[in-house]
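Below, each chain spelled out in residue letters.
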Amino acid sequence: MSGAAQPGQVVMPLAEALGRLARLEQEGRLAEADDLASRMLAAMPEHPHILQMAGIVSHRLGRHEEAIARMEKSAALSPDTPLYPRNMCEIYRGAGRLDEALRAGLRAVELAPGDARSHFNLALIHYERRELDEAVRVAEQAIACDPAFAEAHFEKAEALLLGGRLREGWESYEWRFKLKQAEGMLPKTDKPQWDGTPLDPGRLLIVGDQGFGDCIQFARFIPWACLLAPRPVLACSAELMPLLRQIPGPARLVTRWEDTGEYDAYIPLSGLPRLAEATLETLPPAGYLAAPEALVRLWGERLERLMPKGKKRIALVWAGRPTHKNDKKRTLKLAQFGPLFAREDIVIVTVQKGEQIAQAGGYYGRAPLVNLGPEIADFLDTMAILQNVDRLVSIDTSVIHLAGASNVPASLLLPYAPDWRWLLHREDTPWYPSLRLYRQTRPYQWEDVILRVAADI
Amino acid sequence: MRCCDMDEAQWPGLEAAALLDDKAIEATQLFNDKKHEEAAALALKILDAVPNQRAALRVLFEIRDAEKRRRAADALGARLAGLEGPAALRAQANERFAYYLIGLGRHAEAAPYAAAAVKAMPRAAAAHHIMGMVLTETGALQAGERHYRRALELLAREDGMILANLAWNLKMQGRLTEARKIYDRALALRPDNSRGVGGLAQLLFTQGARGEADAVLDDALARWPQDRLLRMLKVMADLAQGRVEAALERLGPPEAQLPPEILARGRAHMLAGQPQEAITAIATARGVQRERTGQSFRPEELSARLESYQAYFTAERIQPLPRARPGAFMPVFLLGFPRSGTGLLEQLLAQTPGFAPGDEVAPVAKLTTAIPGLAGGAAYPQALDEALIGDGAELPERLREMYEAPRRAMGLARPEVGFITDRAVSNVWHLGLIKLLYPEAPIIHVLRHPYDLLLANIAQDRRLEGDAQAGLPGLARYYDFHARMLRHYRGQLTLRYLPLRYEELVARPEEAVGRVREFIGLDAAIPEGLAGNALPVAAPWPGHFAGRVAVHGGAAWRFRAYEAALPHLFKEVEPILAPWLAELGYDGEQGA
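Residues numbered from 1 in each chain as written. Chains lettered and ligands numbered in written order. Predicted model: local features only at pLDDT ≥ 70, side-chain atom pairs only at ≥ 80, totals over all residues.

This brings us to the overall build of chain A. Within chain A, the secondary structure is distributed over 20 helices and ten strands. The C-alpha atoms of chain A give 25 Å as radius of gyration, which agrees with the globular expectation for 457 residues (23 Å, within 12%). If one aligns the C-alpha atoms of chain A with their principal axes, the spans along those axes are about 80 × 60 × 45 Å. Expressed as a percentage of its 457 residues, the buried residues of chain A come to 45%. Looking at chain A alone, contacts between residues at least 24 apart form 60% of all its contacts between residues at least 6 apart. (Helix = DSSP H or I, 4+ residues; strand = E, 2+ residues; numbered from the N terminus. Rg over C-alpha atoms; globule rule 2.2 N^0.38 Å. Buried ≥ 20, exposed ≤ 12 C-beta atoms within 10 Å, placed from the backbone. Contact = placed C-beta atoms within 7 Å.)

Below, the structure is given as structure tokens:
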């Protein structure tokens, strides 16, 4: 950095300082990065790249307004640098400012038409804006720039599936295992992925890949697979064992790769719909999971003791796993359910798990609330509780799949551009007939959604 | 004081100490002759040479006590009590020091000295008497009763003072009829016992015999017109019955008043709807207390406790711990910051079928002191981990039994009683333990506007944890500790929890009590005339029943008048309380 050194200060060349800043940011050493960025900005407040980097650091530290201000200034100072609008497209998307994100995305593509990442970022924005044809088209442009760009293929798949174009969507969906976050989901093997041709009994390995919700949703295809490859081995996480054990067909369930034994082919659970050539009209029906009767009775008795009588019991889940890529879009604060809490004829039964249960400590609504999360040991407990309530109100998380798979009436709160499986423009879902969908009418706006949910109970 | 911090190991043996006995006798004589300066000088000289010379210690202790030089008296009394020697002398020294601490209201500190006196002379009535006082005033009522009765047995005759103390103990247990009879015996023997007469008056108030109580106090004041305690009792009776002018007149000119009296003046103005005068009096009283005793809010212990309990009582850690099986009755925990209205709710519930009022007797907090002993010595709450190992699984069961035993002994647990209310303020700290003892006990949280709580508490002559009563900022921070602890527990535990607003309780008492009953699983039908708060209730009765008056909303939203009259009154506490006002829903039109 230029300028006269003060006593005791170390002077670092600008390029070196920028390199160090980038390194700190990439290594997640955000406090140090923030400190360095602030010092660099103090010395050179009008340097576009410092502003850009400092904006990224602000964004990662959750100071979104500051991030946007820094990056906008950066772009204004250097309007022809394609990286800046490309970055800003993402930052605006994270802030829910989709019009500005679109403008930035288009500008990035205009400045760098050969940059796959710019096209991909723009495709994401089109998805968020529910412009699905555009999302597919722009994702394909990204793929044209870089045919091995897995994320672009996956984005194309999601747009196709959300639009209800399942057959086409499943093909692109196969790219999901090339995503960085998919590492370790499949076994390290030289055996092929199953193509749906018949196999001898016990020679197929089915892998419960992806999240709990996906596994619950696609578990309905296991009996179909068993018709072609009887008695397969099913590998899944320990949490899913008590659920997937209920599905007829598999010979064994295992939780470790070394326990799978020999097999001729493997298939991820999420690959079964493609092989089965599933369409919205041919999905195997829900109702394939059920809580054990004794457990249902036990929770029924407990709930009888814990809750005032004569009120509708509404189970509630308001937050998902914070590490989920779309958690910001789907997760609410408990306090946002005000219209529901104002009703005196209901009792709230929270079946929320994880750190977010702490929010129940600040609840003072009219409707009594029982925070059951601390005493829920596993999915079977949750499912048994759901059998003892009148309705579940939930965001898009694994519990909604439990309700759907066990035919429990539920209200699902969905973001403006939801996960592909919930499709668009409909209040029901062919996957789970007991669910009613409540969609955002504007991105990131939950107020009217919750009003509608509360009014319909 | 020059010898306070001396190393005990350096003290000479008893034989060496005896060499100065003659000098010590001389010092004692000087003291008896009221030549305190000379006596103290001589005692100091002796103690410089022999710091454990018993008689010199005693002389100097008495002189420092008379001079109110507390630190010196504390050190001397403790040293005297710790001396080896004949049992009678040890008992005498420990009794004396325990009595000194009792006189200062430091009952818990007096406990080990009272106990040492009993152990030294198990057949000494005086030692048992003092032990009875300590236990009674620290809430161990049944144990206190046992020691009073033992003292009477050992004396083998009636003793007016012990009987009066026994009567007070029984009154505290809510055994009012028995207490009344014993007061009659006590005061027949010792009609000069003004404290006993005051106790009788309070008993009569609790029984609802207000006219009789007033008459007893009037007679007593005629006999002892300068007795400030009796006068205060009469003032409190006046205030309870709305005789504000009479109370103010009785209190006399403010400049001659002690802090409890100035606080009573403040409460009188509060009742009269005079914010300016009320706050002036209260601020004066708290200022004098600060000046004289150095009382100010001490958050350190509360902060450490909050941190420790938040770290231990998490969903993951509590879930695997064993729970006690259902007991003989179900406690209903009436949770609330002091002055939030749990007393009123207890009074009203006690007038509906199935309830007995357990007040604050034998609180769960007491169990926490026993847990390390029962669970292998680790500190609470970590000691609860022992419940995971072997016979430790019985720990919750044993603790539940310890919780129930005093309630049975008091006659609270009866066949027709399904629910015993427990309104100990300390319960907010111990919901984690309560969860292990009574996993499904109803918890009714009485909410009240925090500013009203601050006003009610600042005006009370009642010591709170950490001396939070010393000022509004301390009270606000104490409230913050309570609220944070409760929020933590509610987030980490499955509780059968119902919030109930004081403002709604006083506005629509039948509806509010009906809601509570319904929540607990009982029929919501309410006896006619409940709002009059004068329906019969089976004994035992807690002391706060003395204040039973018809439900009224006079104290709800009181802070509004204070804000209007004194716009800056709550400015300092606003940043502390604003988040809670918002969370509780007191920040809208209904609120501040």
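Next up on the list: the overall build of chain B. Counting its regular elements, chain B contains 29 helices and five strands. Relative to its length of 592 residues, chain B is compact, with a C-alpha radius of gyration of 26 Å against a globular reference of 25 Å. With the C-alpha coordinates aligned to their principal axes, the bounding extent of chain B is approximately 75 × 65 × 50 Å. For chain B, with 592 residues in total, the buried portion stands at 48%. Once local pairs closer than 6 in sequence are excluded, the contacts in chain B between residues at least 24 apart make up 63%.

This part takes up the sheet that holds strand 5 (residues 312–317) of chain A. Residues and elements named next belong to chain A. The strand order 7-6-5-8-9-10 describes an open sheet built from six strands, whose pairing is parallel. Whereas interior strands pair on both sides, the edge strands pair on one side only; in this sheet they are strand 7 (369–371) and strand 10 (435–439). Strand-to-strand twist of the sheet, defined as the mean angle between neighbouring strand axes without regard to direction, takes the value 20°. Alignment of strand 5 against strand 8 (residues 391–395), held across four bridges, turns out to be parallel. If you follow A315 over to strand 8, its bridge partner there is L392. (Pairing = 2+ DSSP bridges. Axes fitted to C-alpha atoms, helices over the stretch in contact; angles between N-to-C directions.)

V349 of chain A together with A27 and A117 of chain B are the most contacted members of the largest nonpolar core, which totals 255 residues. The element contributing the most residues to this core is helix 25 (residues 472–492) of chain B, with nine residues. The residues that make up this core include at least three from each of domain 2 (204–275) and domain 3 (293–456) of chain A. Counting 58 residues, the second-largest nonpolar core is a separate cluster that includes M40, A54, V138 and L423 of chain A. (Core = buried A, V, L, I, M, F, W, Y, C linked by C-beta atoms within 7 Å. Domains from an automatic or database assignment.)

What follows deals with the pairing of strand 5 (residues 496–501) of chain B. Residues and elements named next belong to chain B. Most of strand 5 is tucked away: five of the six residues are buried. Examined bridge by bridge, strand 4 (residues 442–447) and strand 5 share six bridges and lie parallel to one another. Opposite H445, over in strand 5, you have P499 as the bridge partner.

With that settled, consider the interface of chain A and chain B. By a widely used convention, the size of an interface equals the accessible area lost when the partners come together. Each partner contributes residues to the interface: chain A has 17 residues there, and chain B has 19 residues. Elements represented by at least two residues in the side of chain A that touches chain B include exactly helix 15 (293–306) and strand 7 of chain A. Among the residues making up the side of chain A that touches chain B, the classes are represented as ten nonpolar, four polar and three charged. (Nonpolar A, V, L, I, M, F, W, Y, C, P; charged D, E, K, R; others polar.)

Before going further, it helps to examine the sheet that holds strand 4 (residues 265–268) of chain A. All names here are of chain A. Pairing within the open sheet is parallel, and its four strands lie in the order 3-2-1-4. Of all strands in the sheet, those with a lone pairing partner are strand 3 (252–254) and strand 4, marking the two edges. Going from strand to strand, the sheet's axes swing by 25° on average, the running direction of each strand aside. Of the pairings in the sheet, the one linking strand 1 (residues 204–207) to strand 4 comprises four bridges and is parallel in character. Within strand 4, the position partnered with L205 by the bridge is Y266.

On to the domain arrangement of chain A, then. Residue and element names in this part refer to chain A. Each domain of chain A was delimited in the assignment, giving domain 1 (14–179), domain 2 (204–275) and domain 3 (293–456). For domain 2 and domain 3, the distance between their C-alpha centroids amounts to 27 Å. Contacts between domain 2 and domain 3 engage eight residues on the former and ten residues on the latter. Those elements giving two or more residues to the side of domain 2 that touches domain 3 turn out to be helix 11 (212–218) and helix 13 (241–244). At four residues, helix 11 tops the list of elements feeding residues into the side of domain 2 that touches domain 3.

All right, on to the packing of helix 4 (residues 64–77) of chain A against helix 5 (residues 83–94) of chain A then. Residue and element names in this part refer to chain A. Following both chains from N to C, one finds helix 4 and helix 5 inclined at 155°, their axes separated by 10 Å at the closest point. Judged on the interaxial angle alone, helix 5 and helix 4 are roughly antiparallel. The handedness of the crossing between helix 4 and helix 5 is left-handed. In this structure, helix 4 contributes H64, A67, I68, M71, S74 and A75 to the contact, and helix 5 contributes Y84, P85, N87, M88, I91 and G94. Its residues assigned to classes, the contact of helix 4 with helix 5 shows eight nonpolar, four polar and no charged. (Parallel < 35°, antiparallel > 145°, perpendicular 65-115°, else oblique. Left-handed = near helix turned anticlockwise from the far one by under 90°.)

It is worth spelling out the pairing of strand 5 of chain A at this point. Taken together, the five bridges between strand 5 of chain A and strand 6 (residues 346–350) of chain A define a ladder with parallel strand orientation. Opposite R313 of chain A, over in strand 6 of chain A, you have V347 of chain A as the bridge partner.

Okay, the environment of R313 of chain A next. Residues and elements named next belong to chain A. Position of R313 among the secondary structure elements: in strand 5. As a C-alpha pair, R313 and D345 span 32 residues in sequence and 9.0 Å in three-dimensional space. In this structure, R313 is in contact with M307, V347, V349, N388, V389 and D390, ignoring residues within four places of it in sequence.

What follows is about the environment of A512 of chain B. Residues and elements named next belong to chain B. With respect to the helices, strands and loops of the structure, A512 is situated in helix 27 (residues 509–520). You can call A512 buried: it has 25 C-beta atoms within 10 Å. Those residues in contact with A512 that lie beyond four places of it in its chain are L500, E504 and L505.

Residue and element names in this part refer to chain B. Taking 1.5 Å per residue, 15 residues should reach 21 Å; helix 9 (residues 141–155) reaches 21 Å between its end C-alpha atoms and fits that length. Those residues of helix 9 that are buried are in contact with helix 8 (125–137) and helix 10 (160–172). Downstream of helix 9 by a residue or two, A156 has a phi angle that is positive, lying close to 60°. (Expected span 1.5 Å × (residues − 1).)

Here the focus is unusual backbone geometry. Residues and elements named next belong to chain B. Residue P381 follows Y380 across a cis peptide bond; omega there is 5°. Its location among the elements puts P381 in the loop between helix 21 (364–374) and helix 22 (395–409). Going from A539 to P540, the amide bond is cis rather than trans, its omega being 0°. Position of P540 among the secondary structure elements: in the loop between helix 27 and helix 28 (559–565). Not every positive phi belongs to a glycine, and R339 is a case in point at roughly 70°.

So, about the packing of helix 7 (residues 116–128) of chain A against helix 8 (residues 132–145) of chain A. Any two packed helices are characterised by how steeply their axes cross, that is the angle between the axes, and by the distance between the axes. Residues and elements named next belong to chain A. Following both chains from N to C, one finds helix 7 and helix 8 inclined at 165°, their axes separated by 8 Å at the closest point. Taken together, the axes of helix 7 and helix 8 lie roughly antiparallel to each other. When you trace helix 7 past helix 8, the crossing you get is left-handed. Together, A116, H119, F120, L122, A123, H126 and Y127 of helix 7 and E134, A135, V138, A139, Q141, A142 and C145 of helix 8 make up the contact between the two elements. Of the residues that constitute the contact of helix 7 with helix 8, the class distribution is ten nonpolar, three polar and one charged.

Moving on, we get to the environment of W299 of chain A. Residues and elements named next belong to chain A. Structurally, the position occupied by W299 is in helix 15. You can call W299 buried: it has 25 C-beta atoms within 10 Å. In this structure, the C-alpha to C-alpha distance between W299 and D381, residues 82 residues apart in sequence, is 7.9 Å.

Chain-level statistics for chain A give a pLDDT mean of 93 and a share of 98% at 70 or above. Low pLDDT (under 50) marks residues 1–5 of chain A, which in the prediction has nine contacts with non-local residues, meaning those over four places away or in another chain. (pLDDT = per-residue confidence, 0-100.)

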